[in-house]
Amino acid sequence: MSIDKIIQTINQNHPDSDTTTITQSYEFLRTFVNETEGLKYEFLEKALTRGLAFAKNKAGARFTAASMLFDVPETEENYYKKIRGEVDEEIAQLVKSHRVMNQYLPLPQYAD
């Protein structure tokens with residue numbers, strides 16, 4: 001899957017949206033997958049599939065960007081700090097909020 005499809009969907013639903021964080025999240029993920037032993041291409045594909053599902057459901061660019069990073073915390077130490085530094089503070093907070101809420105209200109498996 002291509003990041004372009006997600007950006008195109010966001011732009012259709014939110015014409016004035018800034019999609020910079022989607023590209024930043026994708027680059028972060030791509031680097032993360034390449035540098036993390038044992039992770040495969042499927043990890044990246046699952047994140048893109050989830051991002052597209054949220055975009056199609058009219059989520060905004062920033063939430064869609066954060067949704068692509070929801071699985072990173074499960075495998076990486078200091079991930080909030082890395083997301084803050086390489087993507088954006090707000091995206092890091094959205095990912096952190098998801099992790100807290102997921103303990104009580106699990107997210108449906110859009111990507112499965």
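Residues numbered from 1 in each chain as written. Predicted model: local features only at pLDDT ≥ 70, side-chain atom pairs only at ≥ 80, totals over all residues. Heavy atoms only, no water.

Draft legend 1. Examining the overall build of the chain more closely. The helix and strand inventory of the chain stands at six helices and zero strands. The order of α-helices and β-strands along the chain, N terminus first, is α-α-α-α-α-α. Expected size for 112 residues packed as a compact globule is a radius of gyration near 13 Å; at 13 Å, the chain falls within 12% of this value. Taking the principal axes of its C-alpha atoms as reference, the chain extends roughly 35 × 30 × 30 Å. The 112 residues of the chain split such that 42% are buried. Long-range pairs, those at least 24 residues apart, make up 62% of the contacts in the chain between residues at least 6 apart in sequence. Just so you have it, the chain exposes about 6500 Å², and 47% of that area is on carbon and sulfur atoms. Looking at charge distribution, the chain has the averaged site of its 13 positive side-chain charges lying 4 Å from that of its 17 negative ones. (Helix = DSSP H or I, 4+ residues; strand = E, 2+ residues; numbered from the N terminus. Rg over C-alpha atoms; globule rule 2.2 N^0.38 Å. Buried < 20%, exposed > 50% of the residue type's maximum accessible area, 1.4 Å probe, protein only. Contact = heavy atoms within 4.5 Å. Areas by Shrake-Rupley, 256 points an atom, 1.4 Å probe, with all protein chains shown as cover. Lys, Arg positive; Asp, Glu negative; His and termini not counted. Charge placed at Lys NZ, Arg CZ, Asp CG, Glu CD.)

Draft legend 2. Seen up close, the pattern of salt bridges. Scanning the model with the defined rule gives six salt bridges in all. As a salt-bridge pair, Arg62 and Asp88 come within 2.5 Å of each other at their nearest N and O atoms. On the criterion of sequence distance, the pair formed by Arg62 in helix H4 (residues 61-67) and Asp88 in the loop between helix H5 (79-86) and helix H6 (89-102) is long-range, its members being 26 residues apart. With relative accessibility at 29%, the residue Arg62 sits in the partly exposed group. A relative accessible area of 21% places Asp88 in the partly exposed class. For the salt bridge of Arg62 with Glu90, the shortest nitrogen-to-oxygen distance reads 2.6 Å. Here Glu90 lies in helix H6 and Arg62 lies in helix H4, a separation of 28 residues in the sequence. Here Glu90 falls in the partly exposed class, since its relative accessible area comes to 38%. Overlapping salt bridges bring together Lys46, Arg50 and Asp71 as one network. (Salt bridge = Lys/Arg side-chain N within 4 Å of Asp/Glu carboxyl O.)

Draft legend 3. Region of the structure containing the nonpolar core. In this structure, Ile6, Ile22, Met68, Leu69 and Ile83 are the most contacted members of the largest nonpolar core, which totals 30 residues. Within the residue set of this core, elements represented by two or more residues are helix H1 (3-13), helix H2 (20-35), helix H3 (41-56), H4, H5 and H6. In contact with Ile6, other than residues within four places in its own chain, are Ile22, Leu48, Gly51, Leu52, Ala55, Thr64 and Met68. (Core = buried A, V, L, I, M, F, W, Y, C linked by side-chain atoms within 4.5 Å.)

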